[in-house]
Amino acid sequence: MGRRDWVLFVARGLSLLTLAAVMLFPLVWMAMTSFRANSEVFRHASVLSWHSFIPEVWTLQNYEKVFRGDLPRAMANSGIVAAATLVLGVLFNSLAGFALALFEFPLRRLAFALVIVSFLMPFEAIVLPLHAVVRAIGLNDSLWALILVEVGNGVIVFLFVVFFRNLPRELIEAARVDGAGWLTIYARIAMPLSLPTVAAASLVMFVHQWEAFFWPLVVISSPEKVVAQLSIARSAAAEANDWGAMMAGTTLVTVVAVLPFLALQRHYVASVAGAGLK
């Protein structure tokens with residue numbers, strides 16, 4: 001490695017470290033603040049020091065408040081919604097991707113174009129007619145309204161289409177010669193080979209539902225059906241001065257979203273990069 005290459009390597013590394021520090025700073029401050037007493041939250045905010053990050057006195061009282069409140073139930077609701085959406089979404093989106101990738105039928109290209117348009121359209125543009133449909137079928141103020149609306153996902157269908165299009169045709173033709181039906185090929189050949197795409201799809205759908213705020217705000221009104229993000233927003237409005245408890249609740253919700261990403265990020269990056277290259 002020449003001197004110029006070494007300088008570029010060091011400069012790139014320092015740039016990435018600086019960018020990572022800037023992005024992680026709010027998360028670290030939030031997590032550390034969750035262990036502070038309310039009287040200490042802004043005590044060291046004006047002058048940057050170690051105590052800006054590390055509490056003088058560590059306490060778990062903020063987490064005790066959170067677990068005595070509504071957030072645990074709201075996190076359970078978010079978990080139910082995210083898990084149900086993940087299972088149904090992977091099933092139906094993979095079936096749609098399988099059909100679009102391997103079957104020839106009229107208007108197939110138009111159907112695929114509509115899939116692409118579906119994830120380019122802002123959700124806010126369709127929220128009013130969507131809410132009207134949900135109310136008309138009697139699902140307003142229910143967890144099913146949060147689940148069913150998010151099962152169909154154009155991005156996930158697109159990822160499966162790209163993967164299934166690149167399956168070896170010889171493998172599928174051999175299975176057909178052996179008498180396998182299309183559902184058998186889907187279940188026993190296509191899906192086992194698509195596990196990286198399944199992992200990426202699961203991650204996208206889980207995190208999206210776990211972080212959902214706008215759609216639950218529109219359709220959920222009962223306190224017992226509130227999801228995590230709504231619970232945090234309502235507690236922030238009701239307890240504007242209890243910063244420690246708000247940071248504790250936000251930290252818990254963030255950790256649940258980050259852990260699956262850390263576990264599946266390799267599959268996510270590989271699947272998205274593969275979709276871009278193919």
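Scroll up to find the structure.
Heads up: these notes are all about the structure in this document.

What counts, and at which threshold
Residues numbered from 1 in each chain as written. Predicted model: local features only at pLDDT ≥ 70, side-chain atom pairs only at ≥ 80, totals over all residues. Heavy atoms only, no water. 1 Å grid on protein atoms, 1.4 Å probe; cavity = no way out; pocket = protein on both sides within 12 Å on 5 of 7 lines; lining within 4 Å. Points joined across faces, edges and corners; volume = space filled by probe spheres on them. Helix = DSSP H or I, 4+ residues; strand = E, 2+ residues; numbered from the N terminus. Nonpolar A, V, L, I, M, F, W, Y, C, P; charged D, E, K, R; others polar. Phe/Tyr/Trp six-rings, centres within 6.5 Å; stacked < 30°, edge-to-face > 60°. Buried < 20%, exposed > 50% of the residue type's maximum accessible area, 1.4 Å probe, protein only. Contact = heavy atoms within 4.5 Å. Core = buried A, V, L, I, M, F, W, Y, C linked by side-chain atoms within 4.5 Å. Salt bridge = Lys/Arg side-chain N within 4 Å of Asp/Glu carboxyl O. Axes fitted to C-alpha atoms, helices over the stretch in contact; angles between N-to-C directions. Left-handed = near helix turned anticlockwise from the far one by under 90°. Parallel < 35°, antiparallel > 145°, perpendicular 65-115°, else oblique. Patch = residues over 30% accessible without salt bridge, like charges linked within 9 Å, V, L, I, M, F, W, Y side chains within 5 Å. Areas by Shrake-Rupley, 256 points an atom, 1.4 Å probe, with all protein chains shown as cover.

1. What to know about the layout of surface pockets
Then step 1. In this model, the largest pocket occupies a volume close to 710 Å³.
Then step 2. Around the largest pocket, the lining comprises 28 residues; the ones closest to its centre are Phe123, Val149, Glu150, Gly152 and His208.
Then step 3. Sorting the residues of the lining of the largest pocket by element identifies α4 (108-120), α6 (143-151), α7 (154-165), α10 (195-210) and α11 (214-219) as the ones contributing at least two each.
Then step 4. Per-class residue counts for the lining of the largest pocket are 19 nonpolar, six polar and three charged.

2. With respect to the packing of aromatic side chains
Then step 1. Applying the stated rule across the entire model yields 14 aromatic pairs.
Then step 2. Arranged with centres 5.6 Å apart and planes meeting at 70 degrees, the rings of Phe98 and Tyr186 form a pair that is edge-to-face. With a gap of 88 residues between them, Phe98 in helix α3 (residues 71-102) and Tyr186 in helix α9 (residues 182-193) connect regions that are remote in the sequence.
Then step 3. Judged by relative accessible area, which is 4%, Phe98 ranks as buried.

3. Description of the environment of Phe67
Then step 1. Counting through the fold element by element, Phe67 comes out in helix α2 (residues 61-68).
Then step 2. C-alpha separation for the pair Phe67 and Met247, spaced 180 residues apart in sequence, amounts to 13 Å.
Then step 3. Excluding anything up to four places from it in sequence, Phe67 contacts Pro72 and Leu252.

4. Structural notes on the nonpolar core
Then step 1. With 29 residues, the main nonpolar core has Leu71, Leu146 and Val253 as its most contacted residues.
Then step 2. The set of elements that each furnish at least two residues to this core consists of α2, α3, α5 (127-136), α6, α10, α11, α12 (228-238) and α13 (243-277).
Then step 3. Formed by 25 residues, the second largest nonpolar core is a distinct cluster that contains Phe98, Ala101, Val161 and Val198.

5. Some thoughts on empty space enclosed by the protein
Then step 1. Tallied over the full model, the rule gives one cavity of 30 Å³ or more.
Then step 2. Lining of the largest cavity is provided by Ser78, Val81, Leu146, Gln209, Trp210, Ala212, Pro216 and Val227.
Then step 3. Among the secondary structure elements, those contributing two or more residues to the lining of the largest cavity are α3 and α10.
Then step 4. Taken together, the residues of the lining of the largest cavity sort by class into six nonpolar, two polar and no charged.

6. Observations regarding the pattern of salt bridges
Then step 1. Counted according to the given criterion, the structure contains three salt bridges.
Then step 2. The residue Arg36 makes a salt bridge to Glu40 at a minimum N-O spacing of 3.1 Å. Here Arg36 matches Glu40 in class, with each residue buried.
Then step 3. A salt bridge links Glu104 to Arg108; the shortest N-O distance between them is 3.3 Å.
Then step 4. For Arg108, a relative accessible area of 15% puts it in the buried group.

7. Regarding the packing of α6 against α10
Then step 1. α10 packs onto α6 with a crossing angle of 145 degrees between their chain directions and a minimal axis gap of 12 Å. For the element pair α6 and α10, the recorded crossing hand is right-handed. Taking contact as the criterion, the partners of Leu146, Ile147, Glu150 and Val151 in α6 are, on α10, Met205, His208 and Gln209.

8. Focus on the side chain of Thr85
Then step 1. With respect to the helices and strands, Thr85 occurs in helix α3.
Then step 2. The class for Thr85 is buried, based on a relative accessible area of 1%.
Then step 3. With residues up to four places along the chain from it excluded, the contact list for Thr85 reads Val90, Leu146, Ile147, Glu150, Val151, Met205 and Gln209.

9. A few points about the packing of α3 against α9
Then step 1. For the pair α3 and α9, the least separation of the axes is 12 Å and the interaxial angle reads 105 degrees. As the angle between them shows, α3 and α9 are arranged roughly perpendicular. On the side of α3, the interface is formed by Val90, Leu91, Ser94, Leu95, Phe98 and Leu102, while α9 contributes Trp182, Ile185, Tyr186, Ala190 and Met191.

10. Things to note about unusual backbone geometry
Then step 1. At Leu107, a residue that is not glycine, the phi angle is positive and equals roughly 65 degrees.
Then step 2. Here Leu107 shows up in the loop between α3 and α4.
Then step 3. One non-glycine residue with positive phi stands out, namely Asp141, at about 60 degrees.
Then step 4. With respect to the helices and strands, the residue Asp141 is situated in the loop between α5 and α6.

11. Thoughts on a nonpolar patch on the surface
Then step 1. Taken together, Trp6, Val7, Phe9, Val10, Leu14 and Leu17 make up a surface patch of nonpolar side chains, about 610 Å² in accessible area.
Then step 2. In this structure, Leu14 sits in helix α1 (residues 3-33).

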